[in-house]
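Per-entry structural report
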Amino acid sequence: MARVSLVLLVLVSVLIGWASSHQESGEWRCESDSGIRVQAEFRPGLVTLDGHADDWKDIDGFEFSLLPALDPDEDKEYKGGKMTVKALHDGKDVFFLLQVDGDYAYSKGNNIKCPSVALMFPIGDHATYHNMGGCKEGTNACTNKTCKGHEVDIMHFSIGNAIPGRLYGGNPIDNRDGNGGDRFGHLVDLYAWNPHCRYIDGTGPSGNYSSAQNNWKGAWWHSTFTDHSGFVEEDSPYGSDGQKGTYFFEFSRPLRTMDRFQQDAQFTISGSSKMSVAFWYPVDGNPWHGSGHYSVNCDWIPLDISPGSSTLTTSSPGSSVAVASAFALLFSVVSVCVSVFVGYRVNRPSGFTPMGTTMENL
C-alpha cells in the first residue's frame, strides 16, 4: 500500500507541475483548418504493437505542423519536422501511430529530458480543446458535479524509464490497485476538467475508485536503432544522442472500456469523435516543462471510426472471375463423378438369381 501511495504521489506531483506552469501569454486565438481529420480504417490483423512503423506503410496518415499549444504562432513551430498521425481499428481495439522527426535524445530516468507525447479526447458534451475541458472552477472547487460535462480523456507517455520496443501502460499490478498509473514506463491514463484539475484514472477530489484501470498500451522506437532483436534496460541509452532520425510512438486501447465514472472516452464503429495530440521535446538539450508542449492543432481534430466492409462489396473484378472459375471447375468435377457412378450402376451384373431359374433347378 505504501508503494501504491508513493507511485501516485510522484504522478500527482508531475501533474501539479504541469498545471502550475500552464499560463497563456495573452488572449486565446485559434485559426483551425476545417479540412483536417484522422480516419481510423477497419484493418484487422495488420498491426503489431511494438513501436515499429513497417506494418503501417499502407495506412494513410495526416501530416501536421507542430506549434506551441499555448501560443500557436508559426514563427515558433517545432524545428525538427512535422508529425504524422495514423489510426486504424480491428473492431475491438483502436490503434494510433505518431511519427515525428527528431534528433535522438534520451536521458534514463529523466522524463523531462526525453521526448514525450499525449493523446486527448473529449468525454463530456461541453469539453473544449482549449483549457483541457474548459471547466471554470479552480483546483479546490472542481468536482464531478461542478465540472460535469467538461471531462476529457488523456493518455500521456514519458519515455525516460521505457525501453524501446517494450510494451507499457495497463499492467496487472496497477490495474489491481484500481488506478490508471504505470509504475514501469509512465504510460498513464488520465482524465481532466481543466489544466488545474487533472487526475490519474481512479483518483480525484472525491476519493479513489477501486474499479478504475489503465486501458492503454504502447511502445516507442527511433529510426537510428540498429538492434532489432530486443533491448533490455542495461542497453540504455540505446542510441547516440544527436543522431538525426524519426521517433515512432504506437498505442492501442479498446474502442469501449468498462469505465463507469466518466474518465474514458468511448468510441463507436461508424461514429465520429475528436482528438488532439501533444508533443514535448528537450530543445537544445534543455528540459521541457509541462505547458511547453507542441500541438498538432489549436482545436479538436475530427476522428472517424470507419465501419468494416463485406467481402462481396469490396472484392475486385479479378477476384470475382477467379471465384466463378473455381466454382465452374468444381461443378465439372462433380458432374463427371456422377456420370461415372450412374454408368457403373446400369451395367453392373445383378447380384441375385432369377426366381424362374431357381425353380427349374429344384
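Looking at an unreviewed UniProt entry, one finds the protein named Cytochrome c-552/DMSO reductase-like haem-binding domain-containing protein and attributed to Hevea brasiliensis.

1. Observations concerning the overall build of the protein
Tallying secondary structure elements over the protein gives five helices and 15 strands in all. Buried residues in the protein amount to 44% of all 362 residues. Sequence separation of at least 24 residues holds for 75% of the intrachain contacts in the protein that already meet a minimum separation of 6. Total accessible area on the protein is roughly 18,900 Å²; 54% of this is exposed by carbon and sulfur atoms.

2. So, the state of the cysteines
Counted by the stated rule, this structure contains three disulfides. The partner cysteine of C30 in its disulfide is C298, sulfur to sulfur 2.0 Å. Residues C30 and C298 are joined by a disulfide whose S-S torsion is about 75°; by sign, that bridge is right-handed. Taken together, the residues span a long stretch of sequence, with C30 in the loop between α1 (2-20) and β1 (38-42) and C298 in the loop between β14 (294-295) and β15 (301-305) at a distance of 268 residues. Judged by relative accessible area, which is 10%, C298 ranks as buried. Cysteine pairing for the protein, with bonded cysteines counted in sequence order: 1-6, 2-4, 3-5.

3. Here's the deal with the pattern of salt bridges
Evaluated as defined, the whole model comprises 10 salt bridges. Between D71 and K76 there is a salt bridge whose closest N-O contact spans 2.5 Å. With a relative accessible area of 23%, D71 lands in the partly exposed category. Across the salt bridge formed by K244 and D103, the nearest N and O atoms sit 3.7 Å from each other. Within this pair, whereas K244 is found in the loop between β11 (217-222) and β12 (246-254), its partner D103 is found in the loop between β5 (93-101) and β6 (116-122), the two being separated by 141 residues in sequence. Within the structure, one salt-bridge network assembled from shared partners comprises D174, R176, D177 and R183.

4. Section: the packing of aromatic side chains
Throughout the structure, instances matching the rule amount to 26 aromatic pairs. Note on Y104 and F225: the rings are 5.4 Å apart at their centroids and 80° apart in plane angle, and the pair reads as edge-to-face. Of the two residues, Y104 is situated in the loop between β5 and β6 and F225 in the loop between β11 and β12; the sequence distance between them amounts to 121 residues. What makes F225 buried here is its relative accessible area of 4%. Here W280 and W288 contribute two aromatic rings whose centre-to-centre distance is 5.6 Å and whose plane-to-plane angle is 40°, an arrangement assigned as tilted. Like W280, the residue W288 is buried in the burial classification. Taken together, the ring pairs connect Y104, Y106, W220, W221, F225, F231, Y238, Y247 and F249 into an aromatic cluster.

5. Notes on the nonpolar core
In terms of nonpolar packing, the biggest core is built from 58 residues, with F157 and F249 touching the most fellow members. Top contributing element to this core by residue count: β5, with six residues. Residue contacts for F249: discarding those within four places in its chain leaves F96, L97, L98, V100, P115, V117, F157, I159, A219, W220 and F279.

6. A few points about unusual backbone geometry
Put simply, S236 and P237 share a cis peptide bond, and its omega is 15°. You can see P237 is positioned in the loop between β11 and β12. In this structure, Q262 is a non-glycine residue whose phi angle is positive, near 60°. With respect to the secondary-structure elements, Q262 resides in the loop between β12 and β13 (272-280). Its identity as a non-glycine residue notwithstanding, D284 has a phi of 55°, on the positive side. You can see D284 is positioned in the loop between β13 and β14.

Analysis parameters
In this convention, every chain numbers its residues from 1, walking through the sequence in written order. With pLDDT at 70 or above as the cut-off, local features in this predicted model cover only qualifying residues; side-chain atom pairs require 80 or more to be listed or tallied, and sums for whole chains, interfaces and linings still use all residues. Side-chain numbers here rest on the full set of heavy atoms in the structure, without hydrogens or water. Here a strand is any run of E in DSSP of at least two residues, a helix any run of H or I of at least four, and the numbering for each starts at the N terminus. Remark: exposure states derive from per-residue accessible area (1.4 Å probe, protein chains only) relative to the maximum for the residue type, with buried under 20%, exposed over 50%, and partly exposed in between. Residue contacts follow a heavy-atom distance rule, with two residues in contact if any of their heavy atoms lie within 4.5 Å. All accessible-area figures derive from a Shrake-Rupley calculation using a 1.4 Å probe, and residue coverage is judged against the displayed protein chains alone. Two cysteine sulfur atoms make up a disulfide if the distance between them is within 2.5 Å. What counts as a salt bridge is simple: a side-chain nitrogen of Lys or Arg found within 4 Å of a carboxyl oxygen of Asp or Glu. Stacked, tilted and edge-to-face are the three classes applied to pairs of Phe, Tyr and Trp rings, where Trp contributes its six-membered ring and a pair requires centres within 6.5 Å; stacked means planes under 30 degrees apart, edge-to-face means over 60, and tilted covers the rest. The nonpolar core is taken to be a set of buried Ala, Val, Leu, Ile, Met, Phe, Trp, Tyr and Cys residues, with the residues joined through side-chain atoms within 4.5 Å.

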